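# An overview of the molecular structure
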Amino acid sequence: MRVVVTGGAGYIGSHTVTLFLQAGHDVLIIDNFANAAEDVPDRVAGLAGREAIVLRADITQPESYLKAFEDFAPDAVVHFAGLKAVAEAVADPLEYYRVNVGGSLTLFRIMQGTECRRLVFSSSATVYGDPERVPIDEGHPCRPTNPYGRSKLMVEEIVEDWGRSDDSLAAINLRYFNPVGAHPSARIGEAPNGVPNNLMPYISDVAQGRRERLQVFGDDYGTPDGTGVRDYIHVMDLADAHLAALELTGRASGVEALNVGTGEGYSVLEMVRAFESASGRSIPYDVVARRPGDVAISLADPAMAEARMGWKANLGLDEMCRDAWAFTRGRNT
Ligand code: NAD
Ligand code: UDP
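Residues numbered from 1 in each chain as written. Chains lettered and ligands numbered in written order. Predicted model: local features only at pLDDT ≥ 70, side-chain atom pairs only at ≥ 80, totals over all residues. Heavy atoms only, no water.

### As for the packing of helix α9 (residues 268-279) against helix α11 (residues 317-330)
One way to put it is that α9 packs onto α11 with a least axis distance of 9 Å and a crossing angle of 60°. When the interaxial angle is binned, α9 and α11 end up oblique. The element α9 and its partner α11 pack so that their crossing is right-handed. In this structure, α9 contributes M271, A274, F275, A278 and S279 to the contact, and α11 contributes L317, C321, R322, A324 and W325. Class assignment of the residues belonging to the contact of α9 with α11 gives a composition of 8 nonpolar, 1 polar and 1 charged. (Axes fitted to C-alpha atoms, helices over the stretch in contact; angles between N-to-C directions. Helix = DSSP H or I, 4+ residues; strand = E, 2+ residues; numbered from the N terminus. Parallel < 35°, antiparallel > 145°, perpendicular 65-115°, else oblique. Left-handed = near helix turned anticlockwise from the far one by under 90°. Contact = heavy atoms within 4.5 Å. Nonpolar A, V, L, I, M, F, W, Y, C, P; charged D, E, K, R; others polar.)

### Looking at the nonpolar core
In this structure, L174 and M309 are the most contacted members of the largest nonpolar core, which totals 42 residues. Tallying contributions element by element places helix α8 (residues 235-251) first for this core, with 10 residues. With sequence-adjacent residues up to four places away left out, M309 is seen in contact with L174, A241, A244, A245, L248, R251, L258 and M304. (Core = buried A, V, L, I, M, F, W, Y, C linked by side-chain atoms within 4.5 Å. Buried < 20%, exposed > 50% of the residue type's maximum accessible area, 1.4 Å probe, protein only.)

### Focus on the packing of aromatic side chains
Evaluation of the coordinates by the stated rule reveals 3 aromatic pairs. With a centroid separation of 6.5 Å and 35° between ring planes, the pair formed by Y128 and F177 is classed as tilted. With Y128 in the loop between β5 (118-124) and α6 (147-165) and F177 in the loop between β6 (170-176) and β7 (178-180), this residue pair connects regions lying 49 residues apart in the sequence. Residue classification places Y128 among the buried residues on the basis of a relative accessible area of 0%. When the ring centre of F72 is taken as origin, the NZ or CZ atom of R2, which lies over that ring, is 4.4 Å away. Above the plane of the ring of Y221 lies R290, whose end atom (NZ or CZ) is 4.0 Å from the centre. (Phe/Tyr/Trp six-rings, centres within 6.5 Å; stacked < 30°, edge-to-face > 60°. Lys NZ or Arg CZ within 6 Å of the ring centre and 35° of its normal.)

The following block contains the structure:
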């Protein structure tokens, strides 16, 4: 199959492109490299034994990729490109709506004009907001609590409306829980610019001595050890979910949302201990105040993903920590 992957040089995109190439799909990556290293596509080609075509272009600027899109004539689009930092979105919501919503609309218009009707969109569990119940199934109300989450929900709603108007559209909104880890080769992984926002890259930095101490945001939540519980999913399992979703768009029509998680939750302190044991390093930490906007527990009910796509996560916490650590050690050494 011929697949356009926007944001294919990024963290989740690069792992997914690796699996697509290995599965025999032809890939056109569209990425502006705003949050990706230049050498990622070469690393991906090294892992897959085949190359993707790479176009440096911005999804908000149609003239920068319309011709390449038309020439490539994709069967499907997997749409990762976007901005993802919650605090940044709160500080500059218009930029988040411009890129995440405006960029998606521009891309969908181009798909519409080129008869491309198969789409997999990177949504997020953040669309659910503060959960009323856990595990969270897809029927849970969506009430995102910040502009980043709202931008994701807006795109989901745009895709749903598009599907109502065009019954040839087959689209899946994948709601990711907490992606972590790296390719087992340690050649690609998560390499955030500046201070990491997320727990796992921060822990990795502390283990490597790049940062001194972890700050644990609150230990007074209603969880077994008082720290926040999340559903962490290995990025290779997540990449595999995209392969399954791509296949589903070939046999289903309409628009659906599917959770991508493991259904298992770990607290911040459990993550610290697992990483200490994977790395053999100690992770000093201080408990500080809760981070505004954080919820106590977020946990997926992944049953629908299994029923619809025949997909479920296979990798556990040990593999997540092992692979994140191997990638971190390989970086800057
Ligand atoms: P990432 O930043 O590593 O990847 C995004 C890629 O998109 C980057 O390569 C970046 O250069 C590119 N990009 C950004 N703006 C662009 C633009 N205007 N035009 C073209 N390319 C552009 O992020 P990721 O973690 O791989 O996330 C991928 C998608 O998954 C995002 O849409 C994100 O919102 C979503 N998501 C991520 C997480 C997570 O925790 N990582 C969780 C839920 C959902
Ligand atoms: N967390 C933390 N210290 C950090 C980063 C995160 O204690 O430096 C906690 C956070 O409060 C949450 C969990 O780790 O309970 C996961 O946070 P992350 O930002 O990785 O994901 P999200 O909040 O999006 O679920």
